[in-house]
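Chain and residue survey
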Amino acid sequence: NAGVTQTPKFRILKIGQSMTLQCAQDMNHNYMYWYRQDPGMGLKLIYYSVGAGITDKGEVPNGYNVSRSTTEDFPLRLELAAPSQTSVYFCASIRGQATNEKLFFGSGTQLSVL
Amino acid sequence: DAKTTQPNSMESNEEEPVHLPCNHSTISGTDYIHWYRQLPSQGPEYVIHGLTSNVNNRMASLAIAEDRKSSTLILHRATLRDAAVYYCILSSLELGGSTLGRLYFGRGTQLTVWP
């Protein structure tokens with residue numbers, strides 16, 4: 001059971017380039033989340049999805065877009081990359097919305113924008 | 001969201017027990033207490049969670065105060081692999097769903113384990 005898989009693990013972008021961070025889960029979880037973590041800081045929520053076709057903004061959505069066409073996949077799109085988007089990005093999923101459910105995280109994508 | 005307070009850092013020697021405290025004085029009756037940890041260069045991983053009673057699993061134990069305003073994560077014998085940032089967070093019900101995925105994982109407690 002792979003859990004939550006993120007690709008790529010590392011990426012360097014030039015200012016103004018675009019890219020898509022991939023996230024896939026094989027646990028049939030309805031709820032998926034994207035976070036960013038700056039050095040020495042906590043995780044901030046970028047976007048989340050409560051099911052296929054439904055997405056909503058988190059705390060720091062500017063400069064990002066998401067889509068959720070299937071239950072398994074939740075890609076994060078960066079348009080016009082900026083140095084402020086240099087960070088480690090984590091994807092996570094959770095099965096349901098009971099308060100005793102567990103979050104499952106991917107291993108992260110380290111992105112540098114130069 | 002109910003908030004938690006943790007020390008910024010703690011240290012332990014290998015094979016000694018570690019008690020990681022967390023204060024959550026504004027916890028409500030239905031909030032679950034969750035602990036996650038983040039090993040270097042990895043995503044956070046689930047450790048343990050509980051509501052009222054103490055909980056044990058293969059990774060750790062969770063001791064919850066009788067008034068639920070604080071809890072302690074107990075690592076019975078710390079290993080070098082337990083060196084990580086430990087997050088204590090509360091999951092609440094909001095708009096019919098859990099807030100867990102939408103919570104801010106703060107700085108947590110950085111645990112250093114010495115050989």
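Above this text you will find the structure in question.
First, a word on what this report is: a plain description of the structure on this page. Every value quoted in this text rests on a predicted model; they were computed, and no experiment measured them.

**Regarding the layout of surface pockets**
The calculated volume of the largest pocket comes to roughly 580 Å³. Around the largest pocket sit 30 residues that line it, and Gln37(A), Val88(A), Phe90(A), Gln38(B) and Ser41(B) are the ones nearest its centre. Ranked by the residues each element gives to the lining of the largest pocket, the list is headed by strand β11 (residues 109-113) of chain A, at 4 residues. The residue makeup of the lining of the largest pocket, split by class, is 12 nonpolar, 15 polar and 3 charged.

**So, the interface of chain B and chain A**
With 25 residues of chain B at the contact, the number on the chain A side is 23 residues. Applying the counting criterion to the chain B and chain A interface returns 0 salt bridges. At the surface where chain B touches chain A, the tally comes to 3 residue pairs in polar contact (both at pLDDT 80 or more). Of all the secondary structure elements, the ones that give two or more residues to the side of chain B that touches chain A are β3 (32-38), β4 (45-50), β8 (84-91) and β10 (97-98) of chain B. When its residues are assigned to classes, the side of chain B that touches chain A shows 10 nonpolar, 13 polar and 2 charged.

**Side note on the sheet that holds strand β8 (residues 76-78) of chain A**
Residue and element names in this part refer to chain A. A sheet is described by the order of its strands in space; here 4 strands give the open sequence β1-β3-β8-β7, paired in antiparallel fashion. Strand pairing shows two members of the sheet lacking a second neighbour, β1 (4-7) and β7 (64-66), which therefore form its edges. Put simply, the sheet's adjacent strands are angled 20° from each other on average, direction ignored. In this structure, β7 lies alongside β8, joined through 3 bridges in antiparallel fashion. Pairing of Val66 across the sheet is with Leu76, part of β8.

About the thresholds
- Residues numbered from 1 in each chain as written.
- Chains lettered and ligands numbered in written order.
- Predicted model: local features only at pLDDT ≥ 70, side-chain atom pairs only at ≥ 80, totals over all residues.
- Heavy atoms only, no water.
- 1 Å grid on protein atoms, 1.4 Å probe; cavity = no way out; pocket = protein on both sides within 12 Å on 5 of 7 lines; lining within 4 Å.
- Points joined across faces, edges and corners; volume = space filled by probe spheres on them.
- Helix = DSSP H or I, 4+ residues; strand = E, 2+ residues; numbered from the N terminus.
- Nonpolar A, V, L, I, M, F, W, Y, C, P; charged D, E, K, R; others polar.
- Contact = heavy atoms within 4.5 Å.
- Salt bridge = Lys/Arg side-chain N within 4 Å of Asp/Glu carboxyl O.
- Polar contact = N/O pair within 3.5 Å; in protein donor to acceptor, adjacent residues only side chain to side chain.
- Pairing = 2+ DSSP bridges.
- Axes fitted to C-alpha atoms, helices over the stretch in contact; angles between N-to-C directions.

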